[in-house]
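Secondary and tertiary structure notes
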Amino acid sequence: MILELDCGNSFIKWRVLRADGVTPVEGGVVSSDSDLLVSLSNAEKFQLEKCRLVSVRTLEETDSLVASLVDVFGVSVTRAVPAREMAGVKNGYQDYERLGLDRWLALLGGYHLASGACLVLDFGTAITADFVAADGEHLGGFICPGMPLMRNQLRTHTRRIRYDDMAAERAHESLAPGRTTVEAVERGCMLMLRGFVLTQLELAQQYWGKDFVVFLTGGDANLVSGVVPDAKVVPDLVFVGLAMACPLS
Ligand SMILES: Nc1ncnc2c1ncn2[C@@H]1O[C@H](COP(=O)(O)OP(=O)(O)OP(=O)(O)O)[C@@H](O)[C@H]1O
Ligand SMILES: CC(C)(CO)[C@@H](O)C(=O)NCCC(=O)O
Ligand SMILES: [K+]
């Protein structure tokens, strides 16, 4: 079987596919290398042979994870690497190696699924937007803090903003002006998130009129799916690109 990993800044997303490279067997989200090894420890069930991964972590962290996977499961590991051009998409960064590999794979996946212009919005630790024109030219994108970073910055850098996760969840019942601190902060951050999304949509419309597909991915994609009813929510978009960038011969 094939192990696929998307190593982000906060979480590692994993899934196991049959040897055909298509049929999903199981998957999950873990917050550390050791939790990943525990989740996979039922290796007999999985019979892992190969692994492909993408990481936006440091080289040292990624090397260390790869070494554990080789050591524990004996898998051969293929890593996604930066490219100037792939699958008809041209990397738009001045220095193509600087573009986050999760962004690169998500936009490869998006362009492939759209067969044309697309806007890829990823809601993780950071929120990213990437624009790919119909001819495959990546026009670049935007990065801003994700929901957890926004709220934690406020909690960390103010003295009187304090609330727990349960209260945060309850605050999202509406978007009316907040009458408590938790409502004011949670709804404020939510409106920033939505405002960001709407601005990206306007820009895409300026470029391409109506002729583009919007993809939403990342753990917090559901927070904005209501603002873009026509968008395709594709939680595994990075994995779609990963399979393209790391074919397992
Ligand atoms: N099972 C889960 N465990 C943890 N977080 C989850 C889970 N399901 C959804 N989430 C949400 O996913 C978000 C994390 O997003 P995601 O996993 O896309 O990226 P990340 O690893 O945090 O960051 P990035 O990939 O941008 O570096 C969290 O804010 C959380 O709300
Ligand atoms: C922006 C993040 C953190 C999103 O996961 C990642 O893609 C990254 O570390 N990128 C490198 C910086 C850049 O893409 O310009
Ligand atoms: K991500």
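Now for a look at the structure at hand. Bear in mind the structure is a predicted one, so any value in this text is a computation, not a measurement.

Turning our attention to the site of ligand 1. Near ligand 1, the surroundings consist of 14 residues, among which Asn-9, Lys-13, Thr-125, Gly-219 and Asp-220 are the closest. Here an oxygen atom of ligand 1 sits 2.7 Å away from a polar atom, N or O, in the side chain of Thr-125. Between ligand 1 and Gly-219 there is a distance of 2.8 Å, counted from an oxygen atom to a backbone nitrogen or oxygen. For ligand 1, whose free accessible area comes to 630 Å², the fraction covered by protein is 70%. Class assignment for the residues of the shell around ligand 1 results in five nonpolar, seven polar and two charged. Taken together, domain 1 (2–79) and domain 2 (85–146 + 188–244) each give at least three residues to the shell around ligand 1, which thus spans both.

Turning next to the packing of helix H4 (residues 101–114) against helix H8 (residues 237–245). Running from N to C, H4 and H8 point in directions that differ by 90 degrees, and their axes come no closer than 7 Å. Judged by the inter-axis angle, H4 sits roughly perpendicular to H8. In this structure, H4 uses Asp-102, Leu-105, Ala-106, Leu-108, Gly-109, Gly-110, His-112 and Leu-113 to contact H8, whose residues at the interface are Leu-237, Val-238, Val-240, Gly-241, Leu-242, Met-244 and Ala-245.

To continue, consider the sheet that holds strand S5 (residues 76–79). Note on sheets: strands pair through backbone hydrogen bonds, and any given pair is parallel or antiparallel. Ordered in space as S3-S2-S1-S4-S5, the five strands form an open sheet in which the pairing is mixed. The open sheet terminates on both sides in strands that have one partner only, identified here as strand S3 (24–30) and S5. Recorded for the sheet is a direction-independent mean angle of 15 degrees between the axes of neighbouring strands. Looking at chain direction, strand S1 (residues 2–7) and strand S4 (residues 50–55) are connected through six bridges and run parallel. From the neighbouring strand, Asp-6 faces S4, where its bridge partner is Val-54. Strand contacts of H8: S1, strand S2 (12–17) and S4, with the helix running at about 120 degrees to S1, the strand carrying the most contacts.

Here we take up the pattern of salt bridges. If you walk through the whole model with that rule in mind, you get eleven salt bridges. Its salt-bridge partner being Arg-103, residue Asp-130 comes within 2.8 Å of it at the nearest N-O pair. Of the two residues, Asp-130 sits in strand S9 (residues 126–132) while Arg-103 sits in helix H4, which places them 27 residues apart along the sequence. Residue Asp-130 is classed as buried on the basis of its relative accessible area of 2%. Salt bridges sharing partners connect three or more residues here, namely Glu-4, Arg-15, Arg-52 and Asp-236.

Looking at ligand 2, the residues that line it are Asn-9, Val-56, Tyr-93, Arg-98, Leu-99, Gly-100, Asp-102, Arg-103, Thr-128 and Ile-143. The side chain of Asp-102 places a nitrogen or oxygen atom 2.5 Å from an oxygen atom of ligand 2. Note that an oxygen atom of ligand 2 is positioned 2.8 Å from one of the side-chain N or O atoms of Arg-103. Among the residues making up the shell around ligand 2, the classes are represented as four nonpolar, three polar and three charged.

So, how was this worked out
Residues numbered from 1 in each chain as written. Chains lettered and ligands numbered in written order. Predicted model: local features only at pLDDT ≥ 70, side-chain atom pairs only at ≥ 80, totals over all residues. Heavy atoms only, no water. Near = heavy atom within 4 Å. Polar contact = N/O pair within 3.5 Å; in protein donor to acceptor, adjacent residues only side chain to side chain. Areas by Shrake-Rupley, 256 points an atom, 1.4 Å probe, with all protein chains shown as cover. Nonpolar A, V, L, I, M, F, W, Y, C, P; charged D, E, K, R; others polar. Domains from an automatic or database assignment. Axes fitted to C-alpha atoms, helices over the stretch in contact; angles between N-to-C directions. Helix = DSSP H or I, 4+ residues; strand = E, 2+ residues; numbered from the N terminus. Parallel < 35°, antiparallel > 145°, perpendicular 65-115°, else oblique. Contact = heavy atoms within 4.5 Å. Pairing = 2+ DSSP bridges. Salt bridge = Lys/Arg side-chain N within 4 Å of Asp/Glu carboxyl O. Buried < 20%, exposed > 50% of the residue type's maximum accessible area, 1.4 Å probe, protein only.

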